[in-house]
Amino acid sequence: MTTCRAPHQSRRQLEFMRILHGPVNVGNQPWSLSRAERALGHKSDVVVNYGTWLGYPADKTLSEYGKDSRKARLARTAFALTAPFRYDVIHYYFGRSFMLWDDFGRVLGRSPEEDRNALRDATLAKKLGRKLFMTLQGCDARQADVSNRTNAITMCKPDGCPAYVACTTGIDTTRRAMIEKLLPLMDRVFYLNPELGHLVPNGTFMPYANVNVEGQNEFAPVPGRRPRIVHAPSNAGIKGTPLVLAALERLKARFDFELILIENTPHTEAMKLYQSADMAIDQVLAGWYGGFAVELMAMGKPVAAYIREEDRSFLPAKMWDELPILRLNPRTLDDDLAAILASPAKLVEQGERSRRFVLRWHNPAVTAKALARIYEDPNAPFDISRDMRKEAA
């Protein structure tokens, strides 16, 4: 957006941007980045079409989830079509624009007319010359049929994610339509799960930046006590929870530990419960770790998960080399967990390593600086290591 300014204004003022994140806050990534952007001096807001039971924050919530009414549609439409006049940058999430109302059954790929209506806000913003970005986070772009066909280990199978049949008989088609119709309107596309690098043309991997790691207090593992293991599935089928619980049940006869299973708990309450754990088990089927793992590592706790080697090429090489995740494989889960439980004294050191890792790779303050350069010039390289060095200096 071109704005007239007096010649004496500073370079910092010239770079001031009005940034909008939305229309959903999945995993708290939009909120953490928005607050970091405000700290840099930008106007940055999070506005969502609806909130969820997880209770992630937003500056403005336009309506209730799934409550399709004239009032809700007017509120969403009014905001969607006026936002491009009030913001320089619009950063979308989870494969949605502000007019793509998933909870009202609006999806892409049904008809040209419906697609035009769902993309009205993004199309308008593009015509006005606004900078548009998308961050994809997993099941917004992951296609169950492709994941099942190409990955030896995946939650996308009949006995894995409960949505598998729905995905392969319809939802995958809408995801492909989103990639084909919405993503080309973006100036840049990011993804948080490296598996999506196989599916998203010209996308760029972005590490999670979902928690203020610098402001997060540490709660290190307690040496000498029986280990407390936390597992917090938002979707048990995706996380591989049945496999985790079965393996831990078999290991009870050999090791003394306590399991803290957290389900259906608002995010703020869950974060308090995490503090008492000594280690976390995250996903064992997805091939990467989630925002939950970042939250625990920020507290100084080690995290175990399955990491898919085949997706390695989409990550920065240095990030892969420094990755502190304790490796699990669902095919050898008992042995992998037994090896961790056999050396509880190592959990403190592993937690310290995890804390250092998130300060470097999952720091919203660092990611926001890298994004600001991209917002100014979408063709610029996304290089958070540049700001890591400055932070360390």
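All of these numbers come straight from a predicted model, not from anything done at the bench.

Caption draft 1: Fine view of the overall build of the chain. Counting secondary structure elements, the chain contains 16 helices and 12 strands. Taking 393 residues into account, the globule formula puts the C-alpha radius of gyration at 21 Å, and the chain, at 21 Å, falls close to it. With respect to the principal axes defined by its C-alpha atoms, the chain has extents near 70 × 55 × 35 Å. Looking at the chain residue by residue over its 393 residues, the buried ones come to 54%.

Caption draft 2: Spatial organisation of the environment of D159. Tracing the backbone shows D159 in the loop between α6 (144–150) and α7 (164–181). Sequence separation between D159 and A125 is 34 residues, and the spatial gap between their C-alpha atoms is 42 Å.

Caption draft 3: Up close: the pattern of salt bridges. Within this structure, the stated rule accounts for 28 salt bridges. A salt bridge links K318 to E322, with the shortest nitrogen-to-oxygen separation between them at 3.3 Å. Of the two residues, K318 and E322 are both situated in helix α12 (residues 317–322); the distance of four residues between them amounts to about one turn of the helix. Through salt bridges with shared partners, a single ionic network connects R35, R38, K43, D45 and D59.

Caption draft 4: Quick look at the sheet that holds strand β4 (residues 89–93). Taking strand neighbours across the sheet as the criterion, the seven strands line up as β3-β2-β1-β4-β5-β6-β7 in an open arrangement whose pairing is parallel. Sheet topology places β3 (60–61) and β7 (204–205) at the edges, where each strand pairs with a single neighbour. Across two bridges, strand β2 (residues 43–48) lies against β3 in parallel orientation. Looking across to β3, one finds that V47 is bridged to K60. Lying on the sheet, helix α2 (residues 29–39) is in contact with β1 (18–22), β2 and β4; it crosses β2 at an angle near 160 degrees. Against the sheet, helix α3 (residues 70–86) contacts β1, β2 and β4, and its axis sits at roughly 150 degrees relative to β1.

Caption draft 5: Representation of the packing of aromatic side chains. Applying the stated criterion across every chain, the model contains 11 aromatic pairs. Ring plane angle 55 degrees and centroid distance 5.3 Å describe the contact between F79 and F98, whose orientation is recorded as tilted. Of this pair, F79 sits in helix α3 while F98 sits in the loop between β4 and α4 (112–118), and the two are 19 residues apart along the sequence. As far as the burial class goes, F79 and F98 line up, both buried. Following the ring pairs from residue to residue traces out a cluster consisting of Y191, F205, W288, Y289 and F314. The ring of W31 has R35 lying over it, and the distance from NZ or CZ to the ring centre is 3.7 Å. Across from the ring centre of F104, 4.0 Å away, lies the NZ or CZ of R76, which sits over that ring.

Caption draft 6: Structural context of the pairing of β2. The buried fraction of β2 amounts to five of the six residues, a majority that puts the element mostly inside the structure. In this structure, β1 lies alongside β2, joined through four bridges in parallel fashion. Directly across from I19, in β2, lies its bridge partner S44. For the crossover from β1 across α2 to β2, the handedness is right-handed.

Caption draft 7: Local environment of the pairing of β4. In terms of burial, β4 is a largely internal element, five of the five residues being buried. Of the two faces of β4, both are covered, the one formed by V89, H91 and Y93 as well as the one formed by I90 and Y92. Alignment of β1 against β4, held across four bridges, turns out to be parallel. Pairing of G22 across the sheet is with Y92, part of β4. As judged from the five bridges shared by β4 and strand β5 (residues 131–136), these two strands associate in the parallel manner.

Rules used in this analysis
- Residues numbered from 1 in each chain as written.
- Predicted model: local features only at pLDDT ≥ 70, side-chain atom pairs only at ≥ 80, totals over all residues.
- Heavy atoms only, no water.
- Helix = DSSP H or I, 4+ residues; strand = E, 2+ residues; numbered from the N terminus.
- Rg over C-alpha atoms; globule rule 2.2 N^0.38 Å.
- Buried < 20%, exposed > 50% of the residue type's maximum accessible area, 1.4 Å probe, protein only.
- Salt bridge = Lys/Arg side-chain N within 4 Å of Asp/Glu carboxyl O.
- Pairing = 2+ DSSP bridges.
- Contact = heavy atoms within 4.5 Å.
- Axes fitted to C-alpha atoms, helices over the stretch in contact; angles between N-to-C directions.
- Phe/Tyr/Trp six-rings, centres within 6.5 Å; stacked < 30°, edge-to-face > 60°.
- Lys NZ or Arg CZ within 6 Å of the ring centre and 35° of its normal.
- Right-handed = clockwise from strand over helix to strand, strands pointing away.

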